[in-house]
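Descriptive analysis of the structure
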Amino acid sequence: MAEKITMGSNGVLSVPSNPIIPFIEGDGIGPEIWQVAQKVFDAAVEKAYNGTRKIEWKEMLAGEKAFKLTGNWLPAETLQTAKDYIVSIKGPLTTPIGGGIRSLNVAMRQDLDLFACVRPVKWFKGVPSPVTHPENVDMIIFRENTEDIYAGIEWQAGSPEANKFEKFLVEEMGVKSIRFPGYSSYGVKPVSSEGSKRLVRAAIDHALKNNLPSVTLVHKGNIMKYTEGGFKKWGYEVARQEFADKTFTWDEWDELKKEHGEAHANEVQRKALHEGKLLVKDIIADNFLQQILIAPKEFSVVATLNLNGDYISDALAAEVGGIGIAPGANINYKTGYAVFEATHGTAPKFAGTNSMNPSSVILSGCMMLEYIGWKEAAEMITSALQATIMRKTVTIDFYNLMSGATLLKTSEFGNALIENMGLVTGNVQLKKSSSL
C-alpha cells in the first residue's frame, strides 16, 4: 500500500517502499517531458530494486492547467499537498501575464520556505560544450532562495509609493546619491543573518558529508557592504562558530597573516588542509564568473545570494551543455520540504512537437531519488543517460551540435534511456548531488 514520506523527530526522512510523490507536469513542453520522465523513473526503480519498491505518483495542479480547471494559477490545495507529502517534482511553469503572482516558482519557494536552490553542474562525456575542457566543471551551487531580489520589494518610478520612499530617503535618511530624483524606480533587497547562515550551513554540511574540498562564498561585498558583504561575514561566522574543528577559512588566514606573517598563515592553512579540513573561502561575483572559465577546478561547493546564483547557475550550465540538461532542487533542510524541478522554461512554441530534451527534469528526478535515499535507481538513470549520449542518439538540441548523431524524439529518447539501463558500469552519476 502506498504511503506518505514523513519527517522523523531526528530530522531524517522516513521513506516507505511505496511512497506517494506529488508532481506538476508543467506548462508548454511540460506534459510531454514529464510523461517521458515518469516512465524513466518507474523503469529505473523497477530494475534497481527488482520490483520491491514503487512510486505512487499524485498529480497536483499549478500553471495553465490549474487556471483552466480552477481559475487559480497556484491553488492553495497544491501548496498544502506539497507540504503534506514533503517531497515533490515539477515541470516548467509559465509566469502569469498581468497582475497577481510574479512567478509561480517563486511563490512555491516562498510559501514552503525552500531556502536552498541546489544546482549540481557536471559534464556528461560527449555532450557538446562551448568550452575546451568541460570535464573540469564539477560544482554544486547553493543559491539562497527566499531573500534578495526574490523578496520582490519594488516601486515603479512616478508612483506614490516610489515618491514616498524617495522622500524618506532624502529627507529622513539624508541620502544624496540619487542621480535622478523624481524619475527613479526603487528596489530593496533584504539580506538577513538568519537567511544567509542557514544557506551557508547547508552548503558546508553537504561538503562535509560528501568529502568535498571547499565551499566558496560568492558575493559583491566590495560594493554592497552590508547585504552582500553581510552574506560573506555571516558565512564565515557559521564556519568558525559551528564547524570550527572541521574547517579552515580565509578570514582566519587573514588574521594569522596580520599577527604572525604570511609564511605562518600559509603553513597553518597547509596543515589544516592536509588534516582534511574543509576550506571555506570567498570571491567577488564578477571575478568568479571569469574564474569558472579559466580555473573551474578551484571550485567545488558554491554558496551565494539569489541574484548572483541566477547568473552563476545558467553560466555554469552553458559550460556543460545548457539548461536543457541542468537539474535543480529547492529544499528546506529543516522541514525536509523539497521540490525538484526542470530548470528551463516552458518553450511554448515547441509544445506538442515531441522534440525537446527531457534531461533536465529527468536529472532533477535523480536528485529526488538520491534525496530519498534511492541512489541505486538514480545511478541507473545517469549511467543510461551517459550511454545514450555516447551512442550519439540524442534530441534536437544536441543533434544540431554533433556530427554523425541520430535524431530522436522526446519519447524515443526516453525509450533509449530505459533500453540502456544497466549497460554501463562505473560511477558516472552527478556525484555532488548525493546526500542532498
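Check the entry above for the structure.
The structure contained in this document is the topic of the report that follows. None of the values given here were measured: they were computed from a predicted structure.

How each quantity is defined
Residues numbered from 1 in each chain as written. Predicted model: local features only at pLDDT ≥ 70, side-chain atom pairs only at ≥ 80, totals over all residues. Heavy atoms only, no water. Axes fitted to C-alpha atoms, helices over the stretch in contact; angles between N-to-C directions. Helix = DSSP H or I, 4+ residues; strand = E, 2+ residues; numbered from the N terminus. Parallel < 35°, antiparallel > 145°, perpendicular 65-115°, else oblique. Left-handed = near helix turned anticlockwise from the far one by under 90°. Contact = heavy atoms within 4.5 Å. Nonpolar A, V, L, I, M, F, W, Y, C, P; charged D, E, K, R; others polar. 1 Å grid on protein atoms, 1.4 Å probe; cavity = no way out; pocket = protein on both sides within 12 Å on 5 of 7 lines; lining within 4 Å. Points joined across faces, edges and corners; volume = space filled by probe spheres on them. Buried < 20%, exposed > 50% of the residue type's maximum accessible area, 1.4 Å probe, protein only. Polar contact = N/O pair within 3.5 Å; in protein donor to acceptor, adjacent residues only side chain to side chain.

Think of two packed helices as two axes; the pair is described by the angle between the axes and how far apart they sit. Between helix α12 (residues 359–371) and helix α13 (residues 375–390), whose axes approach to 7 Å, the crossing angle comes to 155°. Considered as vectors, α12 and α13 are oriented roughly antiparallel to each other. Considering only the axes of α12 and α13, their crossing is left-handed. Residues S359, I362, L363, C366, L369 and E370 of α12 touch α13, and the partners they reach there are K375, A377, A378, I381, T382 and L385. Across the contact of α12 with α13, the residue classes break down as 8 nonpolar, 2 polar and 2 charged.

This part is about empty space enclosed by the protein. As enumerated under the stated definition, the model contains 3 cavities of 30 Å³ or more in all. Taken as a whole, the largest cavity holds about 60 Å³ of empty space. Along its surface, the largest cavity is lined by 12 residues, and P120, V121, V320, A326 and P327 are the ones closest to its centre. Looking at the lining of the largest cavity residue by residue, the classes come out as 9 nonpolar, 1 polar and 2 charged. Volume-wise, the second largest cavity comes out at about 50 Å³.

On to the environment of T410. Structurally, T410 is set in helix α15 (residues 410–419). The class for T410 is buried, based on a relative accessible area of 0%. The spacing of T410 and N10 is 400 residues in sequence and 41 Å in space, taken between C-alpha atoms. Leaving out residues up to four positions away in the same chain, T410 has contacts with E32, I33, V36, N354, S355, M356, P358 and T395. At 3.1 Å, the side chain of T410 and the backbone nitrogen of S355 are in polar contact.

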